[in-house]
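Okay, here's what each chain looks like letter by letter:
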Amino acid sequence: MKQKPIICSEAGLNGMLSFLQNNTWCIARPSTEETVLQNNIDFACSNGVDCSVLAPGQRCSLPNTRLNHASVVMNLYYSANGRQPHTCSFGNSGLITIVQVDQVIELTYFRANLPTLEHHT
């Protein structure tokens, strides 16, 4: 079963306000092959995206999956290039989505409290 991507936004109120003004996101299609996801990461990181946010311990490092990491950098690339539909194409592996405010608040709360969560298998 494919995982749903978690999209990381800029920390703090300014990031939330920016999101509310521009509530579209570019994410990787969940059905995208791993090699294509890695190609998207490589492309975005070599075309102006600061991929240090994916490093272990950084704000966008978890979950540590190609799907999540590709979605993060694809969205950063999309945002940096004016949120134009063609900047989310990524060879048809990108998907523009609209996230409602209540989902963002829930996601922000979850990510803020992530270190305190325990995972039981």
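Above this text you will find the structure in question.
Calculation rules
Residues numbered from 1 in each chain as written. Predicted model: local features only at pLDDT ≥ 70, side-chain atom pairs only at ≥ 80, totals over all residues. Heavy atoms only, no water. Helix = DSSP H or I, 4+ residues; strand = E, 2+ residues; numbered from the N terminus. Expected span 1.5 Å × (residues − 1). Buried < 20%, exposed > 50% of the residue type's maximum accessible area, 1.4 Å probe, protein only. Contact = heavy atoms within 4.5 Å. Disulfide = S-S within 2.5 Å. Axes fitted to C-alpha atoms, helices over the stretch in contact; angles between N-to-C directions. Left-handed = near helix turned anticlockwise from the far one by under 90°. Nonpolar A, V, L, I, M, F, W, Y, C, P; charged D, E, K, R; others polar.

*Asks:* Before we go on, may I ask you to explain helix H3 (residues 66-80) in this structure?
*Replies:* At 3.6 residues per turn, the α-helix brings residues three or four places apart onto the same side. Taking 1.5 Å as the rise per residue, H3 with 15 residues should run 21 Å; its terminal C-alpha atoms sit 21 Å apart, in good agreement. For H3, a buried count of 11 out of 15 residues is recorded, marking the element as mostly surrounded by other parts of the structure. Of all the residues in H3, the buried ones are Leu67, Asn68, His69, Ala70, Ser71, Val72, Val73, Met74, Asn75, Tyr77 and Tyr78. Residues of H3 that are buried sit in contact with strand E1 (24-28), helix H2 (34-45) and strand E2 (94-98). At the C-terminal side of H3, Gly82 shows a positive phi close to 80°.

*Asks:* What exactly am I supposed to notice about the state of the cysteines here?
*Replies:* A covalent bond bridging the sulfur atoms of two cysteines is what the word disulfide describes. Summed over the entire model, instances satisfying the criterion amount to 2 disulfides. Bridging Cys45 to Cys51, the disulfide has an S-S length of 1.8 Å. One quick way to see it: the torsion about the S-S bond of Cys45 and Cys51 is about -100°, and its sign makes the bridge left-handed. The exposure class assigned to Cys45 is partly exposed, which follows from its relative accessible area of 30%. With a relative accessible area of 18%, Cys51 lands in the buried category.

*Asks:* How do you make sense of the packing of H2 against H3 when you look at a structure like this?
*Replies:* Two quantities define a packed helix pair, namely the angle between the axes and the distance from one axis to the other. Closest axis-to-axis distance for the H2/H3 pair is 9 Å, and the angle between their directions is 35°. Note that H2 runs across H3; the crossing there is left-handed. Here Glu34, Leu37, Gln38, Asn40, Ile41, Phe43, Ala44 and Cys45 of H2 lie close against H3, whose contacting residues are Arg66, Leu67, His69, Ala70, Val73, Met74 and Tyr77. Partitioned by chemical class, the residues of the contact of H2 with H3 number 10 nonpolar, 3 polar and 2 charged.

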